Structure formats: structure tokens, C-alpha cells
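Chain and residue survey
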Amino acid sequence: MNRWTISLGTALVLLVGLALAAPIGPVPGFFIGGSPVKAPIPWPDTGQVDEVRLQVPGLLPRVVIIWIVEFEGELHVVGSKDSGWVQMLGPGGPVKLRLEGSTYDLVAERVTDGWEPILAAYIDKYKVNYPEIVSGFPSLEEAEGAFGLFRLNRT
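Residues numbered from 1 in each chain as written. Predicted model: local features only at pLDDT ≥ 70, side-chain atom pairs only at ≥ 80, totals over all residues. Heavy atoms only, no water.

A look at the pattern of salt bridges
The criterion, for reference: Salt-bridge detection follows one rule: a side-chain nitrogen of Lys or Arg within 4 Å of a carboxyl oxygen of Asp or Glu. Helical segments are the DSSP runs of H or I of at least four residues, strand segments are the runs of E of at least two, and each set is numbered from the N terminus. The buried label applies to any residue whose accessible area, calculated with a 1.4 Å probe on protein chains only, is under 20% of its type's maximum; exposed applies above 50%, and partly exposed to all values in between.
Taken as a whole and judged by the stated rule, the model has four salt bridges. When the shortest N-O distance is used, the salt bridge between arginine 151 and glutamate 109 registers 3.5 Å. Within this pair, whereas arginine 151 is found in strand β8 (residues 147–154), its partner glutamate 109 is found in strand β7 (residues 102–110), the two being separated by 42 residues in sequence. The closest approach of N and O atoms between aspartate 124 and lysine 127, which form a salt bridge, is 3.3 Å. Taken together, the residues span about one helical turn, with aspartate 124 and lysine 127 both in helix α3 (residues 116–127) at a distance of three residues. Overall, lysine 127 belongs to the partly exposed group, its relative accessible area being 43%.

Here we look at the environment of lysine 81
The condition is simple: When checking whether two residues touch, look at their non-hydrogen atoms; a contact exists if any pair is within 4.5 Å.
Tracing the backbone through its elements, the reader meets lysine 81 in the loop between β5 (74–80) and α2 (84–89). In the structure, lysine 81 is positioned 66 residues away from phenylalanine 147 in sequence and 4.7 Å away in space, judged by C-alpha atoms. In this view, lysine 81 contacts Val86, Gln87, Gly145, Ala146, Phe147 and Gly148; residues no more than four positions away in its chain are not counted.

See the structure below:
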């Protein structure tokens, strides 16, 4: 093998490895990217933002592409109780949120009381563009215990 082939092979392996370390669709990654900035007050309008990246710390941090909803001036994320990031976060803790090109250090707080209107706002936001997915969600009456719902607090 000549040097060119070895260099090209090494570059290809590095690119594939980097692609696998970033979240792609439902597959989590490790790198969140973006420019670190202080969380604004108030949050920018997220009504037209479908997806954000959320990083949950750990030995290997987990970055997921997830939906977000603003409710009463606060940002919230929701995940299945069985998803890896929800289990890693447990009752809450530090997270990073990438919203467009900015990355914010936040503290996720699990919402266990008064979650129904937040989940309803989440469903209302996404049912228009993702009716097939949202139709598979349990009803509000059946949803208790099925989700991890987190408020993203500024640090």
C-alpha cells in the first residue's frame, strides 16, 4: 500500500467515526456543537423550531435530537420513560441545549406535578406537522408515568 491509500483510508475512518459520534435522527451522539452563550431572558420564540439537541452528561455524554415546547415562558422537553437519555437524567440535572447555533448550560428539572397542560401544549405544537407520530402518543389520561417531562432552567 502506498501512503496515499493509507492517508485516504485513515481520513475515511476518521470521518465515519466523527459522523457516528454526532446525533443522527433517532441515534444519539456525543458532540453537541454550537457556540456557548448565556441563556437569554426571555427565550426566543421556539414556535417554529421543531428540533433541538440536548446533551445529558455521563461517562460518555449522550446527545439526542429532540422536540421542544415553550410553556409559560419556560422550555420543556419530553422523552419516553424508557429512553436512554431520560434514564440517565433521572430526576434532573445539568444539561446542554443547542437551539439553532447557540448552546446553553441549563439544569433539567423533572416535572411531576401539573405536567398535563405542558404535555398538551407539546402535542398541540407537533400534531400539525407530525400527525402519524403524535397519534401514537397515549392520551393525557394514560400518559402518567409513560414520559419523562423536564423543564429546562437557566443556571
